[in-house]
Amino acid sequence: MNPIPTSKQLYDSILADLNAAFTINIPFFGKSFLRALAGVQAGKLKLFYLLLGKLQKNIFVDTADPESSGGTLERFGRVKINRDPFNARAGQYTASVTGTVGGTIDASTTFKSDDSSLNPGKLFILDTPYTLVSSPDFITLRALTSGTNGKLNIGDTLTVTAPVPNVNKIATVTAVVIEPLEGEGIEEYRGKVVLSYRLEPQGGAGTDYRLWSQDAQGVKQTYAYAKSGVKNEINLFVEAEISDSTDGKGTPSAGLLADVESDIEMNPDTDLPEEERGRRPLGIFQIHYLPVTIKQVDININGFSGLTTDIQTAILSSIKSLTDDIRPFVSSVDILSNKNDILDVNRIVAAILSARPGAVFGTVTMKIDGVTMSTFQFLYGDIPYLNTVTYV
């Protein structure tokens, strides 16, 4: 797209046209009405250029604005992946309560997570009335806070916000029924829509597994490989979005793996006839749904001259950008020219110099899971995680 001219450029161009048309040199003072006219016309033309620029921007999925900004991004998504961005999902939990058998907890009774819980002070609601048939007994509570800000761990306790006759006030989480998930970011959504244009369904090839897994909320990427030494079996490694991972590094939960399995077995679009929803090819005997393997990366930089906090921040950002882009290569899906699965000391040095050109420092060492290496290739679901950058 051609750059949009500035108001000054438009003004100068109109003024030059007027000078040429009337063979005059319009003065700055006195009879300068034409200069004012040129300024007005430049302002109007600027609005036209901005409108045309926005229109041109929104005919391509990789540059389109979201509909909330007057754009067309979600329209592309509804055509190609049949959905809008995922909203944040509230968690649901099984909680144990004690009391007198026959005691009833009314619908809409709320519980508040205690200070010792993962997310204290959050409200949880009982959607349907429940009468205790034993003590302890179990109820299902739904978080009123969507996303991981309302997440609880097994063993966390909650307190009822208003007394309930014949039921003790404390409830304890015993199981996760529905895991909470963060809403899908607009750029995450855009990336999946772009991927759906680039990849073509092929009846069970690696591209299909990557496309199908996009229907599971919380999935960042998947890596499908034929299982070594076994016929008709696939190892599918699943990487979670950082906000939805169990460790903040990309490891998916058991619930997310189950969601991926469900969406690969059957299209989640319930508007389709039942016979058109099946996805997994008949020739595939078994799919193993596996979490990615996080490889911890620790970097030591020796003898850095003139180190400051700002320099450290810039270098950390540059190295993190390098490691975040490194992912396993799947030959059936990925483009060979985009292959980026090797991390070595030379690339780390280049990242340091990119952040701080002309920097003076000594040797750089890299450890992968505590083992010193000069180069490492991430294969079969290995994912790098930058743990530390230390200056010695």
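Residues numbered from 1 in each chain as written. Predicted model: local features only at pLDDT ≥ 70, side-chain atom pairs only at ≥ 80, totals over all residues. Heavy atoms only, no water.

Asker: Hey, could you run me through the pattern of salt bridges in this one?
Answerer: Two side chains carrying opposite charge are able to pair once their charged atoms lie near each other. Evaluated as defined, the whole model comprises 20 salt bridges. For the salt bridge of D84 with R78, the shortest nitrogen-to-oxygen distance reads 2.6 Å. Judged by its relative accessible area of 36%, R78 falls in the partly exposed class. Each member of the salt-bridge network shares a partner with another, and the members are E67, R75, R78 and D84. (Salt bridge = Lys/Arg side-chain N within 4 Å of Asp/Glu carboxyl O. Buried < 20%, exposed > 50% of the residue type's maximum accessible area, 1.4 Å probe, protein only.)

Asker: Mind showing me how you'd approach helix α1 (residues 7-22) here?
Answerer: Given 3.6 residues to a turn, an α-helix orients residues that are three or four positions apart in the same direction. Between its first and last C-alpha atoms α1 spans 23 Å; for 16 residues at 1.5 Å apiece the expected length is 22 Å, and the two agree. Taken as a whole, α1 has its buried residues at L10, Y11, I14, L15, L18 and N19. Contacts from the buried residues of α1 go to α2 (33-57). T23 sits one or two positions beyond α1 and adopts a positive phi of about 50°. (Helix = DSSP H or I, 4+ residues; strand = E, 2+ residues; numbered from the N terminus. Expected span 1.5 Å × (residues − 1). Contact = heavy atoms within 4.5 Å.)

Asker: For this particular structure, what's the right way to read the sheet that holds strand β11 (residues 286-291)?
Answerer: Strand pairing in a sheet relies on backbone hydrogen bonds, with the paired strands running either antiparallel or parallel. Strands sit in the order β9-β10-β11 across an open sheet of 3 strands; the sheet is mixed. The sheet terminates laterally at β9 (219-226) and β11, the two strands that pair on one side only. With direction set aside, neighbouring strand axes in the sheet form an average angle of 25°. Across 6 bridges, strand β10 (residues 233-240) lies against β11 in parallel orientation. Its bridge partner being in β11, E233 is matched across the sheet by Q286. Contacting β9, β10 and β11, helix α6 (residues 254-265) crosses the sheet at an angle of about 150° to β11. (Pairing = 2+ DSSP bridges. Axes fitted to C-alpha atoms, helices over the stretch in contact; angles between N-to-C directions.)

Any functional reading would require information that these geometric values do not contain.
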